[in-house]
Amino acid sequence: MPELPEVEALAGYLRERAVGRRVDRVEVAAISALKTYDPAPSAAAGREVVAAGRHGKFLDVEFAGDLHLVVHLARAGWLHYREAFPSAAPLKPGKGPIALRVRLDDGSGFDLTEAGTQKKLAAYLVTDPALVPGVSRLGPDALAADLPTFGTRLRGRRGQVKGVLTDQEVLAGVGNAYSDEILHTARLSPFALTNRLTDEQVATLHEATRQVLGDAVQRSLGQRAAELKGEKRAGLRVHARTGLPCPVCGDTIREVSFADSSLQYCPKCQTGGKPLADRRLSRLVR
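These numbers come from a predicted model, not from an experiment. (Residues numbered from 1 in each chain as written. Predicted model: local features only at pLDDT ≥ 70, side-chain atom pairs only at ≥ 80, totals over all residues. Heavy atoms only, no water.)

A count of helical and extended segments in the protein gives 9 helices and 10 strands. A compact globule built from 286 residues would reach a C-alpha radius of gyration of about 19 Å, and the protein, at 20 Å, matches this within 12%. Once the C-alpha set of the protein is aligned to its principal axes, its extents read approximately 60 × 40 × 35 Å. Per-residue burial over the protein gives 49% buried out of 286 residues. When the accessible surface of the protein is summed, it comes to about 13600 Å², and 51% of that surface belongs to carbon and sulfur atoms. (Helix = DSSP H or I, 4+ residues; strand = E, 2+ residues; numbered from the N terminus. Rg over C-alpha atoms; globule rule 2.2 N^0.38 Å. Buried < 20%, exposed > 50% of the residue type's maximum accessible area, 1.4 Å probe, protein only. Areas by Shrake-Rupley, 256 points an atom, 1.4 Å probe, with all protein chains shown as cover.)

On to unusual backbone geometry. Most peptide bonds adopt trans geometry, and most residues besides glycine take a negative phi value. A cis amide bond links aspartate 38 to the next residue, proline 39, at an omega of 5 degrees. Looking at the element boundaries, proline 39 is found in the loop between strand 1 (23–28) and strand 2 (49–55). In the Ramachandran plot, aspartate 66 falls in the positive-phi region, its phi being about 55 degrees despite a non-glycine side chain. The class for aspartate 66 is exposed, based on a relative accessible area of 53%.

Our focus in this paragraph is helix 6 (residues 199–220). Given a rise of 1.5 Å per residue, 22 residues ought to cover 32 Å, and the 32 Å separating the end C-alpha atoms of helix 6 matches this to within 8%. Residues of helix 6 that are buried: Val202, Leu205, His206, Ala208, Thr209, Val212, Leu213, Gly214, Ala216, Val217 and Ser220. Buried positions along helix 6 lie against helix 1 (4–17), helix 3 (147–155), helix 4 (161–165), helix 5 (176–186) and helix 7 (228–235). Taken from the residues just after helix 6, glycine 222 is the one with a positive phi, measuring 90 degrees. (Expected span 1.5 Å × (residues − 1). Contact = heavy atoms within 4.5 Å.)

Residue placement: threonine 209 occurs in helix 6. The class for threonine 209 is buried, based on a relative accessible area of 1%. Of the polar contacts made by the side chain of threonine 209, one reaches the backbone oxygen of leucine 205; its length is 2.8 Å. Once residues within four sequence positions are removed from consideration, threonine 209 is found in contact with Ala142, Phe150, Leu165, Ile182 and Gly214. (Polar contact = N/O pair within 3.5 Å; in protein donor to acceptor, adjacent residues only side chain to side chain.)

Now the structure itself:
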């Protein structure tokens with residue numbers, strides 16, 4: 001799933017390439033992806049792209065006249081910028097990967113695509129990003145929150161730190177991959193309880209969050225959209241590296257699996273050398 005650094009990089013690429021161009025038209029190929037009907041997609045035609053930014057993991061493309069295309073890429077969504085499209089013919093609704101296309105006046109533009117069968121990419125055409133339910137519920141940006149705000153938000157939601165860190169209503173922008181990286185950098189167990197964290201641990205976690213996200217943003221900026229996924233994978237130290245040696249201590253990276261996700265961690269760095277219980281394997285043993 002694209003997280004804060006990748007969405008920031010996509011916004012940066014659009015600021016360089018699309019801002020200043022006018023929209024020729026917006027085409028919707030996956031009706032289920034567009035969650036709003038008023039304004040209609042035709043309302044964007046002729047408007048200048050004036051800005052591109054993000055709200056947590058939501059991408060925000062702003063058009064002149066207070067119109068925003070706000071997109072959540074979900075787990076398998078992505079943005080592909082095209083210098084030219086293979087055909088001027090409008091997209092046909094169907095089962096292909098393209099959900100929505102924005103054509104610009106110089107012949108370029110971008111496609112929003114989604115792989116797989118679980119179609120969860122969501123696009124909203126709104127006059128104010130706050131009208132998007134997911135945006136209106138976001139907590140402070142994880143990269144921008146100062147230590148007092150970070151600590152208050154974290155301790156205000158009791159639970160395992162991995163789950164709280166990825167709760168977008170607590171802090172916006174951190175997902176499954178970067179939470180693994182942040183906790184590894186902070187040398188904290190993903191199952192540590194937020195209400196039991198010391199002030200020192202909270203400060204360390206805050207610094208790790210800023211470091212991991214900040215470094216990822218710097219690595220991603222200037223990359224083409226097609227290169228961002230590879231850049232993300234190359235920068236990961238524990239996430240999606242089950243069975244490989246920890247780059248810090250050499251211990252074997254372990255995994256805990258859930259119904260639709262998993263987490264990775266280093267026992268020596270994070271849990272005092274003790275492997276965490278993998279509930280999926282525990283069920284198989286019973």
